[in-house]
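# Close look at the chain arrangement
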2 protein chains.
Amino acid sequence: MSRILLQVAYDGTSFSGYALQGDKRTVERCLNEALTQFTDTEVTVIGASRTDAGVHAYGNLAVFDTASPVPAERFARILDRFLPADLRVVRSCEVPADFHPRHTGAVKTYEYRIRNTAVPDPIADRYSYRYSYPLDPAQMREAAAYLVGEHDFTSFCNPETQSPTRVREITGCSLDMRISEKGDMRDPELILHISGKGFLYHQVRIITGTLLEVGRGLKKPGDIPQILAARDRRLAGFTAPPQGLFLIGYDLQGMI
Amino acid sequence: MSRILLQVAYDGTSFSGYALQGDKRTVERCLNEALTQFTDTEVTVIGASRTDAGVHAYGNLAVFDTASPVPAERFARILDRFLPADLRVVRSCEVPADFHPRHTGAVKTYEYRIRNTAVPDPIADRYSYRYSYPLDPAQMREAAAYLVGEHDFTSFCNPETQSPTRVREITGCSLDMRISEKGDMRDPELILHISGKGFLYHQVRIITGTLLEVGRGLKKPGDIPQILAARDRRLAGFTAPPQGLFLIGYDLQGMI
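Nothing here was measured: the structure is a model prediction, and the numbers come from that model.

Our focus in this paragraph is the overall build of chain A. Scanning chain A from terminus to terminus reveals five helices and 10 strands. The C-alpha radius of gyration computed for chain A amounts to 19 Å, which stays within 12% of the reference 18 Å derived for 256 residues, consistent with globular compactness. Split into buried and exposed, the 256 residues of chain A put 41% on the buried side. Sequence-distant contacts, at least 24 apart, represent 70% of the contacts inside chain A between residues at least 6 apart.

What follows is about the interface of chain A and chain B. Contact with chain A, which involves 18 residues of that partner, is made by 18 residues of chain B. Broken down by secondary-structure element, the contributors of at least two residues to the side of chain A that touches chain B are strand 1 (2–10) and strand 4 (87–95) of chain A. Tallying contributions element by element places strand 4 of chain A first for the side of chain A that touches chain B, with three residues. Its residues assigned to classes, the side of chain A that touches chain B comprises 10 nonpolar, one polar and seven charged.

On to helix 4 (residues 203–215) of chain A. All names here are of chain A. Under the 1.5 Å per step criterion, the end-to-end length of helix 4 is 18 Å for 13 residues, consistent within 8% with the ideal 18 Å. Of all the 13 residues making up helix 4, 12 are buried; the element is thus mostly covered by neighbouring parts of the structure. Residues of helix 4 that are buried include every one of Gln-203, Val-204, Arg-205, Ile-206, Ile-207, Thr-208, Gly-209, Thr-210, Leu-211, Leu-212, Val-214 and Gly-215, and no others. Considering only its buried residues, helix 4 is in contact with strand 5 (108–115), helix 3 (137–147), strand 9 (189–196) and strand 10 (245–250).

Right, let's talk about the packing of helix 3 of chain A against helix 4 of chain A for a bit. Residues and elements named next belong to chain A. The contact between helix 3 and helix 4 brings their axes to 8 Å, and the two run at 140°. In this view, helix 3 runs oblique relative to helix 4, as classed from their interaxial angle. Considering how the two elements wind past one another, helix 3 and helix 4 form a crossing that is right-handed. On helix 4, the residues that touch Pro-137, Gln-139, Met-140, Ala-143, Ala-144 and Leu-147 of helix 3 are Ile-207, Leu-211, Val-214 and Gly-215. Looking at the contact of helix 3 with helix 4 residue by residue, the classes come out as eight nonpolar, two polar and no charged.

Moving on to the pairing of strand 5 (residues 108–115) of chain B. Residue and element names in this part refer to chain B. Of all eight residues that make up strand 5, seven are buried, and the element is covered over most of its length. Pairing of strand 5 with strand 9 (residues 189–196), which is carried by eight bridges, proceeds in the antiparallel orientation. By the bridge assignment, Tyr-110 is partnered in strand 9 with Ile-194. Where strand 5 and strand 10 (residues 245–250) come together, five bridges link them in antiparallel fashion. Residue pairing across strands places Tyr-112 opposite Leu-245, the latter belonging to strand 10.

Superposition of chain A onto chain B requires a rotation of 180° combined with a translation of 0.0 Å along the rotation axis, giving an RMSD of 0.0 Å. Viewed as a symmetry operation, the transformation between the two copies matches a two-fold axis. A share of 100% of interface residues in chain A that are also interface residues in chain B marks the association as one of identical surfaces.

Turning our attention to helix 3 of chain A. Residue and element names in this part refer to chain A. Of all the positions in helix 3, only Met-140, Ala-143, Ala-144 and Leu-147 are classed as buried. Summarising the axial view, the buried residues of helix 3 lie within an arc of 105°, below the 170-degree limit, and thus occupy one face. Of the exposed residues in helix 3, those oriented more than 90 degrees away from the buried face are Ala-138 and Ala-145. The elements touched by buried residues of helix 3 are strand 8 (167–178), helix 4 and helix 5 (224–230). Phi for Gly-149, located one or two positions after helix 3, is positive at around 115°.

Now for the confidence of the model for chain A. For chain A, per-residue confidence averages 95 on the pLDDT scale, and 97% of positions sit at 70 or higher. The ipTM value of the predicted complex is 0.89, and its pTM value is 0.92.

By a frequent convention, interface size equals the accessible area lost on bringing the separate parts together. All names here are of chain A. As assigned here, chain A comprises domain 1 (2–95) and domain 2 (108–250). Centre-to-centre, using C-alpha coordinates, domain 1 lies 28 Å away from domain 2. Taken together, the residues of the side of domain 1 that touches domain 2 sort by class into six nonpolar, eight polar and one charged.

All right, on to unusual backbone geometry then. Phi at Arg-231 of chain A takes a positive value of approximately 50°, unusual for a residue other than glycine. Relative to the assigned elements, Arg-231 of chain A resides in the loop between helix 5 and strand 10.

About the thresholds
Residues numbered from 1 in each chain as written. Chains lettered and ligands numbered in written order. Predicted model: local features only at pLDDT ≥ 70, side-chain atom pairs only at ≥ 80, totals over all residues. Helix = DSSP H or I, 4+ residues; strand = E, 2+ residues; numbered from the N terminus. Rg over C-alpha atoms; globule rule 2.2 N^0.38 Å. Buried ≥ 20, exposed ≤ 12 C-beta atoms within 10 Å, placed from the backbone. Contact = placed C-beta atoms within 7 Å. Nonpolar A, V, L, I, M, F, W, Y, C, P; charged D, E, K, R; others polar. Expected span 1.5 Å × (residues − 1). Axes fitted to C-alpha atoms, helices over the stretch in contact; angles between N-to-C directions. Parallel < 35°, antiparallel > 145°, perpendicular 65-115°, else oblique. Left-handed = near helix turned anticlockwise from the far one by under 90°. Pairing = 2+ DSSP bridges. Least-squares fit on C-alpha atoms with pLDDT ≥ 70 in both. Arc of directions from axis to C-beta. pLDDT = per-residue confidence, 0-100. Domains from an automatic or database assignment.

Right, here's the structure in full:
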């Protein structure tokens, strides 16, 4: 048996999230079906990040074990034929039999894309959050700096979070500008980059919603330490919608 | 009665093209239904470009006549509630009663987006053509230059084109690079910009396919004048697929 690692990219719009969920169209279900069909053996993948419905990914991970003689690197392109167009295996490689995608200790990076405009765009609106209130990026950056480091993020996660501890370390949280695909300088995207080894349920989306409320002037950067200390979800901002969120990938350098 | 002009943007993936076509889900049909619903009167728009199934647009045009007292500028945002998410009216304004979107004489610009890589991307592949053969952009530019000007484009249109003449003027045809959204310098998009007052059926997609064959070395730039002169569709290249094509917009400066 060999263990194969897949780097998985998807347009989250039409998926009910990553993880198996009954009969729903999830990423994991499509991967299992494609691998079962190609290898002609029941395959169940083990995934890394359980992204929410509507969240996109360039670099989620999954592993599976197989006795197939097909070289590990070839699975990526072979699976093109068995997967729907909104889900692709970008690359595949063999890993040690004890490699577990949720226990690598690797840092992962999320991006949250914000279009600060009132003008709709049927393509960009599928992959970003259109927020039309004027934003002050300097205030948002100042607030973001307070979130970096190890904190109890109870205030910044969904109360239904299943986890024995709500302490997590954010290794990076920066707000960058990107000139839009259309090259229009008047319509830049604001991109929030957030990195860490692990995140709580809705954590990135609640951080984003809170920073947007800071950018809009409803909260001050200096409120963040108090919100963290209070461990009360009601004090943080709204949960930003899923379509702006991308799981960019895991830093597996030196591990595979 | 007032005549209202709409600038229309859509993700072409799930549309059977722009123009009415029986019961099919087309852009024109969705516009008629939304306007009819909102104004409570049967509305039929007059469109500008009849884009193919799968082709995207940021700036297609449509007009309609209405007795509604709603200010023309407000139609854009009101229609958000009556249109599907993949179709948006970017802006609306009043125009003279004799304004016809197909008879303005305005130059329009198309973009064709090419990703010169073998690596799939479920999001980018929805909005560009992935072409994995190595391409020589300098050869493609040399070939593009031969197409600028007034020519008989019989070789560069679908033989089913309904038009008394196949002479058209291309006012601009350039090939540019754009660093991809992911900011990866190794994976730039090649963008073909094509402008003119009018185009034949499949003309932009056949020009693109021909330039790709030049870029790949199957044809030479110097072949273009002979292909034009022969007026024979079989001599030009393949018809590039629709998902890479965007109708960027019309230059209406000074007209409205």
